[in-house]
Amino acid sequence: EIAAAAKAAANEAAASAATKAVEAKSAASAAQKAASDTAARIATEQKEAADAASRAKTAADAAAKATADKIAATDAARIAAEASLKILNEKAALAEQAVKATTETARAEINKKIEEVSAKAEEAQKVATETATKADAAADAQAAATAKAEEDAKAAQDAVAKAALLTKLGITADEAKLLLA
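Bear in mind that the values here come from a model prediction, so they are computed numbers and not experimental data.

About the cut-offs
Residues numbered from 1 in each chain as written. Predicted model: local features only at pLDDT ≥ 70, side-chain atom pairs only at ≥ 80, totals over all residues. Heavy atoms only, no water. Core = buried A, V, L, I, M, F, W, Y, C linked by side-chain atoms within 4.5 Å. Buried < 20%, exposed > 50% of the residue type's maximum accessible area, 1.4 Å probe, protein only. Helix = DSSP H or I, 4+ residues; strand = E, 2+ residues; numbered from the N terminus. Contact = heavy atoms within 4.5 Å. pLDDT = per-residue confidence, 0-100. Expected span 1.5 Å × (residues − 1). Axes fitted to C-alpha atoms, helices over the stretch in contact; angles between N-to-C directions. Parallel < 35°, antiparallel > 145°, perpendicular 65-115°, else oblique. Left-handed = near helix turned anticlockwise from the far one by under 90°. Nonpolar A, V, L, I, M, F, W, Y, C, P; charged D, E, K, R; others polar.

Trainee: Break down the nonpolar core for me, with residues and values.
Mentor: Looking at soluble globular proteins, one finds that nonpolar side chains tend to be buried together. The biggest cluster of nonpolar side chains holds nine residues, and these are Ile-87, Leu-94, Ala-98, Ala-101, Ile-110, Ile-114, Val-117, Ala-121 and Ala-124. Elements represented by at least two residues in this core include exactly α1 (2-100) and α2 (104-169). Per-element accounting of this core gives the leading share, five residues, to α2. Setting aside residues up to four positions removed in sequence, Ala-98 forms contacts with Arg-107, Ile-110, Asn-111 and Ile-114.

Trainee: Quick rundown of the confidence of the model for the chain? Include the residues and the values.
Mentor: The share of residues in the chain with pLDDT of 70 or more is 100%, and the mean pLDDT across the chain is 89. Mean pLDDT across the elements of the chain ranges from a minimum in helix α3 (residues 173-180), with 84, to a maximum in α2, with 91.

Trainee: Tell me about α2, and please be specific about residues and values.
Mentor: Residues lying three or four places apart along an α-helix face the same way, a consequence of the helix completing one turn every 3.6 residues. Taking 1.5 Å as the rise per residue, α2 with 66 residues should run 98 Å; its terminal C-alpha atoms sit 96 Å apart, in good agreement. Downstream of α2 by one or two residues, Gly-170 has phi in the positive range, about 70°.

Trainee: Go over the environment of Ala-52, please, and point to the residues and values.
Mentor: Mapped onto the fold, Ala-52 is located in helix α1. When the C-alpha atoms of Ala-52 and Ala-155 are compared, they prove to be 6.5 Å apart, with 103 residues separating the residues in sequence. Sequence-distant contacts of Ala-52, defined by excluding residues within four places in its chain, comprise Asp-152, Ala-155, Ala-156 and Ala-159.

Trainee: Account for the packing of α1 against α2, with residues named and values stated.
Mentor: Packing of α1 against α2 leaves a shortest axis separation of 5 Å and a crossing angle of 165°. One finds that α1 runs roughly antiparallel with respect to α2. The two elements α1 and α2 meet at a crossing, and its hand is left-handed. Tallied by class, residues from the contact of α1 with α2 come to 41 nonpolar, 12 polar and 15 charged.

Encoded structure:
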């Protein structure tokens, strides 16, 4: 009878151990799935943050190029304006010579030069106006590119902070939305 009781107790202990082993295996599988899901979520959040950082870099590169274009256009406008001024000064000097000319032939030659310089002055003024317009457009493009770069840098910073926070909390973005709703 003692042997039968011992056998029954052993069978009960074995059955209990088997049940606990099955529960432990199930809990381990659930923990492994949760860890796998968490790793996938972290990878997704990190990819989103990396994508945002990439967009920010592209925008910063565009802003740098726009700044270089603005500088070049502004320099071209300055050079064109200086050339126009030089030609106008030459025209003024010729006009003074025409007034001081003592013969009609000398005055006619100077007036011919004044006409040539006037044509150059008109062309130089046209170039100066075009380059000034391009400089203004380049300044506008640079301002827009800089604003975009700042916006994308902020978005990247936010994405990195979000990924870090979600990782620290151990929740998904969808779970965070549910918590805030």
